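So you can see what is in the structure, the chains are spelled out below.
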Amino acid sequence: QVQLVESGGGLVQAGGSLRLSCAASGRSISTYAMGWFRQAPGKEREPVAAISWDGTRTFYADSVKGRSTISRDNAKSTMHLQMNSLKPEDTAVYYCAVERGVYGLGWGGTFDSWGQGTQVTGAS
C-alpha cells in the first residue's frame, strides 16, 4: 500500500503561481503512472495532469494546458505540479494519485491510491 501526501497548496492571487508536491511512501512508485486531480465545491473530481511511469509522457486537461507542468522524481518518490497564471476557477482541492497497474501512461487510466488533498484557492 502506498501512502501519498500532498503539500504546497494555499491562497494565491490571480495570475500568481504555486507548486504542488506529492510525496509517496510505503512502496516504490517508480513503475507506476501518476496524476493530479482536483475537485471544486459542488463539482465532480476531474483530472488535471498525468505523467507516465518513466516521466517521458505528460498529459494535461485543456483548462490548465500551457500554464502547468507536471514532473516526477522517482529517486525521491515525489511528483510535482507547477501551476502558473492561476485563475479563480482553479480553486479546488488537489489530489495526487497512483495509477493501478505498472508501466502506464496515467491519462484515462484507473487510479487506486489517493492522497488526502491540498486546498488551492485562486483569489480574484
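Residues numbered from 1 in each chain as written. Predicted model: local features only at pLDDT ≥ 70, side-chain atom pairs only at ≥ 80, totals over all residues. Heavy atoms only, no water.

Asks: So what's going on with the nonpolar core? Residues and values would help.
Replies: Within the largest apolar cluster, 28 residues are counted, with the highest numbers of intra-cluster contacts made by Leu4, Met34, Trp36, Ile70, Met79, Leu81 and Tyr94. Within the residue set of this core, elements represented by two or more residues are strand 3 (18-25), strand 4 (34-39), strand 5 (46-51), strand 8 (78-83) and strand 9 (92-99). (Core = buried A, V, L, I, M, F, W, Y, C linked by side-chain atoms within 4.5 Å. Buried < 20%, exposed > 50% of the residue type's maximum accessible area, 1.4 Å probe, protein only. Helix = DSSP H or I, 4+ residues; strand = E, 2+ residues; numbered from the N terminus.)

Asks: So, the sheet that holds strand 8: which residues are in play, and what are the values?
Replies: Spatially, the four strands line up as an open sheet ordered 1-3-8-7, and their pairing is antiparallel. Only two strands of the sheet have a single partner each, and these edge strands are strand 1 (3-7) and strand 7 (68-73). In this sheet, neighbouring strand axes are inclined to one another by 15 degrees on average, regardless of whether the strands run parallel or antiparallel. The pairing of strand 7 with strand 8 spans six bridges and is classified as antiparallel. Each residue of the ladder has a partner; that of Ser68, found in strand 8, is Met83. (Pairing = 2+ DSSP bridges. Axes fitted to C-alpha atoms, helices over the stretch in contact; angles between N-to-C directions.)

Asks: Give me the lowdown on the state of the cysteines, citing residues and values where you can.
Replies: By definition, a disulfide links the sulfur atoms of two cysteines through a covalent bond. Using the criterion set out here, one finds one disulfide in the structure. Paired through a disulfide, Cys22 and Cys96 show a sulfur-sulfur distance of 2.1 Å. Its S-S torsion of approximately 55 degrees makes the covalent link between Cys22 and Cys96 right-handed. On the criterion of sequence distance, the pair formed by Cys22 in strand 3 and Cys96 in strand 9 is long-range, its members being 74 residues apart. (Disulfide = S-S within 2.5 Å.)

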